[in-house]
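Chain and residue survey
Now for the letters of each chain:
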Amino acid sequence: DTAVSQTPKYLVTQMGNDKSIKCEQNLGHDTMYWYKQDSKKFLKIMFSYNNKELIINETVPNRFSPKSPDKAHLNLHINSLELGDSAVYFCASRVSSVTDTQYFGPGTRLTVL
Amino acid sequence: DQQVKQNSPSLSVQEGRISILNCDYTNSMFDYFLWYKKYPAEGPTFLISISSIKDKNEDGRFTVFLNKSAKHLSLHIVPSQPGDSAVYFCAARRGAGGTSYGKLTFGQGTILTVHP
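Residues numbered from 1 in each chain as written. Chains lettered and ligands numbered in written order. Predicted model: local features only at pLDDT ≥ 70, side-chain atom pairs only at ≥ 80, totals over all residues. Heavy atoms only, no water.

Some words on the overall build of chain B
Secondary structure summary: chain B contains zero helices and eleven strands in total. Ordered by position in the sequence, the α and β elements of chain B form the string β-β-β-β-β-β-β-β-β-β-β. What you see for chain B is a C-alpha radius of gyration of 14 Å, in line with the 13 Å of a compact globule of 116 residues. Overall size of chain B, expressed as C-alpha extent along the three principal axes, is 45 × 30 × 25 Å. Across the 116 residues that make up chain B, the buried fraction comes to 45%. Sequence separation of at least 24 residues holds for 56% of the intrachain contacts in chain B that already meet a minimum separation of 6. For chain B, the distance from the average position of its 12 positive side-chain charges to the average position of its 9 negative side-chain charges is 5 Å. (Helix = DSSP H or I, 4+ residues; strand = E, 2+ residues; numbered from the N terminus. Rg over C-alpha atoms; globule rule 2.2 N^0.38 Å. Buried < 20%, exposed > 50% of the residue type's maximum accessible area, 1.4 Å probe, protein only. Contact = heavy atoms within 4.5 Å. Lys, Arg positive; Asp, Glu negative; His and termini not counted. Charge placed at Lys NZ, Arg CZ, Asp CG, Glu CD.)

So, the state of the cysteines
Residue and element names in this part refer to chain A. Enumeration according to the criterion identifies two disulfides over all chains in this entry. Shown here is the disulfide that connects Cys23 with Cys91, its sulfur atoms set 1.8 Å apart. With the S-S dihedral at roughly -75°, the linkage between Cys23 and Cys91 falls on the left-handed side. Residue Cys23 is located in strand β3 (residues 19-25), and its partner Cys91 is located in strand β9 (residues 87-94); the two are separated by 68 residues in the primary sequence. Residue Cys23 shares its accessibility class with Cys91, and that shared class is buried. (Disulfide = S-S within 2.5 Å.)

Things to note about the environment of Lys103(B)
With respect to the element layout, Lys103(B) can be found in the loop between β9 (86-94) and β10 (104-106). We classify Lys103(B) as partly exposed; its relative accessible area is 33%. Setting aside its immediate chain neighbours within four residues, Lys103(B) contacts Ile45(A), Ile56(A), Glu58(A), Ala92(B), Arg93(B) and Arg94(B). Within the structure, the side chain of Lys103(B) is placed 3.0 Å from the side chain of Glu58(A), a separation counted as a polar contact. (Polar contact = N/O pair within 3.5 Å; in protein donor to acceptor, adjacent residues only side chain to side chain.)

What about unusual backbone geometry?
Here the bond from Thr7(A) into Pro8(A) is cis, since omega is -5°, no more than 30 degrees from zero. Its place among the elements puts Pro8(A) in the loop between β1 (4-7) and β2 (10-13). The residue after Val78(B), namely Pro79(B), is reached through a cis peptide bond having omega -10°. Mapped onto the elements of the fold, Pro79(B) is located in the loop between β8 (72-77) and β9. At Asn51(A), a residue that is not glycine, the phi angle is positive and equals roughly 50°. Position of Asn51(A) relative to the elements: it lies in the loop between β5 (43-50) and β6 (53-57). A positive phi angle, close to 45°, is found at Ser80(A), a residue other than glycine.

Pasting the structure below:
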């Protein structure tokens with residue numbers, strides 16, 4: 001039973017296209033995140049939602065728009081894809097607590113040609 | 001400006017020996033630190049954590065040490081096993097409790113290879 005799932009696992013697309021990545025967690029967690037792992041391997045937070053409310057919004061181009069239809073889902077939509085958007089995108093979730101154990105999905109490898 | 005750094009891109013260790021992975025940070029506001037382990041084509045999985053009020057936390061073969069004055073933490077794995085071969089990420093959180101909303105800053109990872 002997958003705790004945090006992402007679809008698709010791989011995404012290859014042309015520059016200028018619009019694409020979405022979906023994330024679902026069945027852990028009952030309140031908070032969900034999107035991270036980007038770039039070519040230098042750093043994992044950097046992009047967005048976070050707590051109970052469907054946006055609470056973290058890092059310096060990310062506004063071509064990236066997260067959407068949380070409910071507490072268990074956090075999707076990432078990317079408009080006008082650019083070469084530099086190629087990366088692995090990870091979704092994560094966390095139960096609100098004093099610790100910050102986050103549970104990650106398997107990642108979506110996005111390649112923009 | 002990387003606030004969390006893992007300066008060793010890779011580490012190779014013999015099975016049964018100790019693996020020591022290091023992590024340095026610059027932000028004195030970090031109050032909670034975590035280690036994650038990542039296998040290829042999978043997401044990171046939580047390994048062990050430590051609060052800034054402690055200097056050591058142990059869980060089985062894994063021990064994390066925190067030296068606040070040096071802004072340094074390390075993960076010790078004893079004894080190392082081939083199944084421990086993975087990328088290890090250090091992460092740090094600023095703030096306390098729910099107000100931080102879990103914003104973690106990650107290092108770039110260290111590839112650990114444990115040889116049989």
